[in-house]
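# Understanding the architecture of this molecule
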Amino acid sequence: MKFSFAWPSALRNNGVLCMNKRNIDYIGRCNPRKFYKRVDDKLTTKQLALENNIAVPSLIGVVREQHEIESIPAMVAAEDGFVIKPSKGSGGKGILVITKVEAGRYYKPNGQEVTPSDVYRHVSNVLSGLFSLGGNPDVAIVEGLIQFDPVFDGYSYEGVPDIRLIVYKGFPVMGMLRLSTAASDGKANLHQGAVGVGVDIGTGKGLHAVQFDQPIEFHPDTNKKLIDIEVPHWDFLLHTASKAYEMSEMGYLGTDMVLDRDKGPLLLELNARPGLAIQIANNRGILPYLDNVDKLGNHNMTVDERVEYAKKHFCHSAQL
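Residues numbered from 1 in each chain as written. Predicted model: local features only at pLDDT ≥ 70, side-chain atom pairs only at ≥ 80, totals over all residues. Heavy atoms only, no water.

In the nomenclature of an unreviewed UniProt entry, the chain is known as ATP-grasp domain-containing protein of Shewanella violacea.

## Overview of the packing of aromatic side chains
The full count for this structure, using the stated rule, is seven aromatic pairs. When the ring of Tyr-26 is compared with that of Tyr-252, the centres are 5.7 Å apart and the planes differ by 40 degrees; the resulting orientation is tilted. Separated by 226 residues along the polypeptide, Tyr-26 in helix α2 (residues 19-30) and Tyr-252 in strand β13 (residues 252-260) bring together distant segments of the chain. Owing to a relative accessible area of 3%, Tyr-26 belongs among the buried residues under this scheme. Pairwise contacts between aromatic rings join Phe-171, Tyr-289, Tyr-309 and Phe-314 into one cluster. If you follow Lys-224 out to its NZ or CZ, it ends over the ring of Tyr-155, 5.2 Å from the centre. (Phe/Tyr/Trp six-rings, centres within 6.5 Å; stacked < 30°, edge-to-face > 60°. Helix = DSSP H or I, 4+ residues; strand = E, 2+ residues; numbered from the N terminus. Buried < 20%, exposed > 50% of the residue type's maximum accessible area, 1.4 Å probe, protein only. Lys NZ or Arg CZ within 6 Å of the ring centre and 35° of its normal.)

## Re the layout of surface pockets
Space left empty within the atom packing is revealed by a probe, the size of a water molecule, rolled over the atoms. Roughly 160 Å³ of volume is contained in the second largest pocket. Lining the second largest pocket are 13 residues, and of these Ser-58, Glu-79, Gly-144, Leu-145 and Gln-147 lie nearest its centre. Among the residues making up the lining of the second largest pocket, the classes are represented as four nonpolar, four polar and five charged. Looking at which domains feed residues into the lining of the second largest pocket, each of domain 1 (15-39 + 150-314) and domain 2 (58-144) gives three or more. (1 Å grid on protein atoms, 1.4 Å probe; cavity = no way out; pocket = protein on both sides within 12 Å on 5 of 7 lines; lining within 4 Å. Points joined across faces, edges and corners; volume = space filled by probe spheres on them. Nonpolar A, V, L, I, M, F, W, Y, C, P; charged D, E, K, R; others polar. Domains from an automatic or database assignment.)

## Quick look at the sheet that holds strand β1 (residues 59-63)
In space, the four strands of this open sheet follow the order β1-β7-β2-β3, with antiparallel pairing throughout. The open sheet terminates on both sides in strands that have one partner only, identified here as β1 and β3 (96-98). Strand-to-strand, the axes of this sheet are offset by a mean angle of 15 degrees, without reference to chain direction. In this sheet, strand β7 (residues 140-144) lies alongside β1 in antiparallel orientation, the contact comprising four bridges. Counterpart to Val-62 in the pairing with β7 is Ile-141. Packing of helix α6 (residues 116-128) onto the sheet brings it into contact with β1, β2 (82-86), β3 and β7, and relative to β2 it is tilted by some 30 degrees. (Pairing = 2+ DSSP bridges. Axes fitted to C-alpha atoms, helices over the stretch in contact; angles between N-to-C directions. Contact = heavy atoms within 4.5 Å.)

## Observations concerning the nonpolar core
Within soluble globular proteins, side chains that are nonpolar generally end up buried alongside one another. Counting 61 residues, the largest nonpolar core has Val-173, Leu-177, Trp-234, Tyr-252, Ile-286, Leu-290 and Phe-314 as the members making the most contacts within it. Contacts of Ile-286, omitting those with residues within four sequence positions, involve Gly-15, Leu-17, Ile-166, Val-173, Met-174, Tyr-252 and Gln-279. (Core = buried A, V, L, I, M, F, W, Y, C linked by side-chain atoms within 4.5 Å.)

## Observations regarding the pattern of salt bridges
Applying the stated criterion across every chain yields a total of 17 salt bridges. Between Lys-21 and Asp-25 there is a salt bridge whose closest N-O contact spans 2.7 Å. A residue pair is termed a helical-turn pair when its members lie 3 or 4 positions apart in one helix, as Lys-21 and Asp-25 do in helix α2 at four residues. Residues Arg-164 and Asp-256 are paired through a salt bridge, measuring 2.4 Å at the closest nitrogen-oxygen approach. Of the two residues, Arg-164 sits in strand β8 (residues 162-168) while Asp-256 sits in strand β13, which places them 92 residues apart along the sequence. For the pair shown, Arg-164 and Asp-256 are each scored as buried. (Salt bridge = Lys/Arg side-chain N within 4 Å of Asp/Glu carboxyl O.)

## Digging into the domain arrangement of the chain
Taken domain by domain, the chain consists of domain 1 (15-39 + 150-314) and domain 2 (58-144). Computed over C-alpha atoms only, the centres of domain 1 and domain 2 are separated by 26 Å. Domain 1 puts nine residues into the contact, and the matching count from domain 2 is nine residues. Summing both partners gives a buried area of about 660 Å² for domain 1 against domain 2, and 37% of it is carried by carbon and sulfur. (Buried area = accessible area lost by both parts, 1.4 Å probe.)

Spelled out as structure tokens, the structure:
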């Protein structure tokens, strides 16, 4: 693979936010340490979202102790599929997706069978902290399966796409659609090989697409043209992301949402340390948008006003 590099000055001139500046000027300054549990613990986030009338995937159960692991078959017996995830996991690690349950046998999206022993071992690893932030003991969340919205047919392979929005002081400033691939094993994490499509904040339409940080035009498994996509329920997604600011009291935030065929937009999780690859997917830096919000000073805008401001000033055609 051929790599190319840019001078730091060139990145600054193009408004690219680097990791050190993100950590010091935005995460360190805007995200109070005392509120981190609200976003680092997915079970806490889910409870907060429900209290704020934000829809989330259904909760089937929670496994907190090793002796509870053998209760999982009874817990999921009536489900067509389910998802097991660590409450304090990150980067998509430790998520087990079962899309078919048949006669007590479980199957992953690629058709591979997962035995009950495999499930027990996986959940045991979750409880021991194998996938959690800092390696601390964790709990396993068992959730209902997201039903794939047909609007994404051909845009994703063996997995449900999710929508990442960066929210700064309550303003959605940059968006990205993450599409699973064969390389990512059905997961939507870019570092695992998923496709990232930058999305226009003003319209929800695709702008630019990348895989492994390289521009691409078509989905590698389905050959669908990526920038033709337009995310439905766009205004609702912007409003949900903006509301997460008041809910979490975190100033610099990543919101991850999905579209369920039957339930519509659902909040998956929040991220206090959202990655920087969203800038590559959008083919532009995020700093001009963050600076624009800072120039507003102490505003008292409502969620509706912030969303309208974002659509006008952070859309693809806006000049900052």
